[in-house]
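Residues per chain are reported as follows:
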Amino acid sequence: MIDINKIRNDFPILNTKVYGRQLVYLDNGATSQKPLQVISSVAEFYSTINSNIHRGVHYLSSKATEEYEKSREKVKTFINAKSSAEVIFTKGTTDSINLVAFSFGEKFISEGDEILVCETEHHSNIVPWQMLCERKRAKLIKIPVDNNTEIIMEEYEKLLSSKTKLVAVAQVSNAFGTIHSTEKIIEKAHKFGAKVLIDGAQSIQHFSTDVQKLDCDFYVFSGHKIYAETGIGVLFGKGELLSQMPPYQGGGDMINSVSFEKTEYAELPLKFEAGTSNYVGAYSLLKAIEYLENIGLKEIAEYETELKNYAFEKLSTIPGLEIIGNPKNNSGVISFTLKDIHFYDAGMILDKMGIAVRTGTHCAEPAMKRFNILGTIRVSFSFYNTKEEIDILYNGLLKVKQMFE
Ligand code: PLP
């Protein structure tokens, strides 16, 4: 059971007053707030441990390196990777996808090959593939979704062929909260020898992840959406794939030896971590995962589902409010429009009541186009949200409607 009072005390920002009103933060899909355990760990790191990693033999450098590698080990167990060498630290989801698009693309994509992405993906899971396809004269193909925002499996299967080299899909859509059937998607792609990248930016924080069970080839996520600092992220890749891929960037840390005649690259994972990594961010990620594990991923998932169902029921009763899609499985996000009211107007009025929601295209313009809308109002939940906050949102939306009527 979630002890909501105790949890809310861990997040000082939740006490913020906005225009004299208590903040109601419902934009967790964009970024999560940070618990004191993470905030203070960063100050503690700079006060007692800070030194560049993998460089010095001195005490602080060894200590900082130890914590960095402890974080990698923690991520490995958190996502159930086979080995910590399969965990690469990056700047975030976008950086991880660009790494794969460049490095996997360099090695495995040629003219005429095909890459499939779902049509409701975040721009981060479209544009890097588009750039790769331009470089290699390959083809980017969209996987269609139905009116419930779910991937149409029969259409997906029709698109797969021996030309398909990669499929890239979010486990949870940031625009609509749809949980895609990633296990099925992966299984079907593998039958054609295609590799699969799963964008976990909106799933890693909501339910437990098992990359071996999923059997995905790559899995990516951002630290800032899972209660850690900004500027740290993860790329998981199967070891046998990563070891065949060329480095993404050159520089310090990613080499074994350098001479003007020949440079020898480091083994995994350092081959992909050129330059000074965000080792403080990695430490904050370690602390964030420890924090989540103390609460329990199962408890988090149950509580957030209860919140989302409550919100879904309440919001559905508002006349003129249309929730986009009604997928069988949905996580943490409700995206909707208000008849005749522009989402920016609604968002600005809600803001004046202290309610933070996301408005616009959510970096998913093709997804909006698919549903013939310019954008939506999106509320996204965390385990520190409450039913009372959803009631405030509900009343806020009624006021917005009144103002326009
Ligand atoms: N993919 C999804 C599904 C997202 O929701 C986001 C961010 O909202 C991203 C990718 C990009 O994440 P970042 O900006 O942390 O790199």
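What counts as what
- Residues numbered from 1 in each chain as written.
- Predicted model: local features only at pLDDT ≥ 70, side-chain atom pairs only at ≥ 80, totals over all residues.
- Heavy atoms only, no water.
- Helix = DSSP H or I, 4+ residues; strand = E, 2+ residues; numbered from the N terminus.
- Expected span 1.5 Å × (residues − 1).
- Buried < 20%, exposed > 50% of the residue type's maximum accessible area, 1.4 Å probe, protein only.
- Core = buried A, V, L, I, M, F, W, Y, C linked by side-chain atoms within 4.5 Å.
- Domains from an automatic or database assignment.
- Contact = heavy atoms within 4.5 Å.
- Buried area = accessible area lost by both parts, 1.4 Å probe.
- Salt bridge = Lys/Arg side-chain N within 4 Å of Asp/Glu carboxyl O.
- Polar contact = N/O pair within 3.5 Å; in protein donor to acceptor, adjacent residues only side chain to side chain.
- Pairing = 2+ DSSP bridges.
- Axes fitted to C-alpha atoms, helices over the stretch in contact; angles between N-to-C directions.
- Parallel < 35°, antiparallel > 145°, perpendicular 65-115°, else oblique.
- Left-handed = near helix turned anticlockwise from the far one by under 90°.
- Nonpolar A, V, L, I, M, F, W, Y, C, P; charged D, E, K, R; others polar.
- Near = heavy atom within 4 Å.
- Areas by Shrake-Rupley, 256 points an atom, 1.4 Å probe, with all protein chains shown as cover.

## Examining helix H10 (residues 279-295)
And step 1. Between its terminal C-alpha atoms H10 stretches 25 Å, which fits the 24 Å expected from 17 residues at 1.5 Å a residue.
And step 2. Most of H10 is tucked away, with 13 of its 17 residues classed as buried.
And step 3. Just downstream of H10 lies Gly296, where phi reads positive at about 105°.

## Regarding the nonpolar core
And step 1. If you look at the biggest cluster of nonpolar residues, it comprises 100 residues, and the most contacted ones within it are Tyr156, Val167, Leu285 and Phe383.
And step 2. For this core, the element with the most residues is H10, which contributes 11 residues.
And step 3. Among the domains, domain 1 (4-28 + 296-404) and domain 2 (39-293) are the pair contributing at least three residues each to this core.
And step 4. With residues near it in sequence (within four places) discarded, Tyr156 still touches Leu116, Ile143, Ile151, Val167, Ile185, Lys188 and Ala189.
And step 5. In terms of nonpolar packing, the next biggest core, distinct from the first, is built from 24 residues, Ile88, Ile97, Ile115 and Ala138 among them.

## Brief notes about the domain arrangement of the chain
And step 1. You can read the domains of the chain as domain 1 (4-28 + 296-404) and domain 2 (39-293).
And step 2. Taking only C-alpha atoms, the centre of domain 1 and the centre of domain 2 are 28 Å apart.
And step 3. With 34 residues of domain 1 at the interface, the matching set in domain 2 holds 30 residues.
And step 4. Counting the surface domain 1 buries against domain 2, the share from its top three residues, Leu297, Ser331 and Arg370, is 22%.
And step 5. Viewed at the interface, domain 2 and domain 1 are joined by two salt bridges.
And step 6. Of the charged contacts in the structure, one is a salt bridge between Arg370 and Glu119, with a shortest N-O distance of 3.6 Å.
And step 7. There are 19 residue pairs in polar contact (both at pLDDT 80 or more) connecting domain 1 and domain 2.
And step 8. For the side of domain 1 that touches domain 2, the secondary structure elements donating two or more residues are helix H11 (297-316), strand S14 (333-338) and helix H13 (365-370).
And step 9. The element best represented in the side of domain 1 that touches domain 2 is H13, accounting for five residues.

## Re the pairing of strand S10 (residues 233-237)
And step 1. Most of S10 is tucked away, with five of its five residues classed as buried.
And step 2. Residues Gly233, Leu235 and Gly237 of S10 are buried on one face, and the alternating residues Val234 and Phe236, pointing to the opposite face, are buried as well.
And step 3. Strand direction decides the pairing type here: strand S4 (residues 87-90) and S10, joined by four bridges, are antiparallel. Directly across from Phe89, in S10, lies its bridge partner Val234.
And step 4. Across five bridges, the pairing between strand S9 (residues 218-222) and S10 is antiparallel. Opposite Phe218, over in S10, you have Gly237 as the bridge partner.

## Some points on the packing of helix H3 (residues 59-79) against H10
And step 1. Here H3 crosses H10 at 40°, and the two axes come no closer than 8 Å. Here H10 runs oblique to H3, going by the angle between their axes. Crossing angle aside, the handedness with which H3 passes H10 is left-handed. Every residue of H10 that contacts H3 at Glu67, Tyr68, Lys70, Ser71, Lys74, Val75 and Phe78 is listed here: Tyr279, Ala282, Tyr283, Leu285, Leu286, Ile289, Glu290, Leu292 and Glu293.
And step 2. In terms of residue class, the contact of H3 with H10 is built from 10 nonpolar, one polar and five charged.

## Considerations on the pattern of salt bridges
And step 1. For the structure shown, the criterion picks out 26 salt bridges.
And step 2. In this structure, Glu187 and Lys191 form a salt bridge, with 3.9 Å as the shortest nitrogen-oxygen distance. You can see Glu187 and its partner Lys191 sitting in helix H7 (residues 182-191), four residues apart, about one turn around the helix.
And step 3. Lys401 is paired through a salt bridge with Glu405; the nearest N and O atoms lie 3.3 Å apart.

## A few points about the site of the ligand
And step 1. Taken together, Thr93, Thr94, His122, Ser124, Asn174, Asp199, Ala201, Gln202, Ser222, His224 and Lys225 are the residues near the ligand.
And step 2. A distance of 2.5 Å is found between a nitrogen atom of the ligand and a side-chain nitrogen or oxygen belonging to Asp199.
And step 3. In this structure, an oxygen atom belonging to the ligand sits 2.7 Å away from a side-chain N or O atom of His224.
And step 4. Taken by itself the ligand offers 400 Å² of open surface, and the protein chains cover 85% of this.
And step 5. Residues that form the shell around the ligand fall into these classes: one nonpolar, eight polar and two charged.

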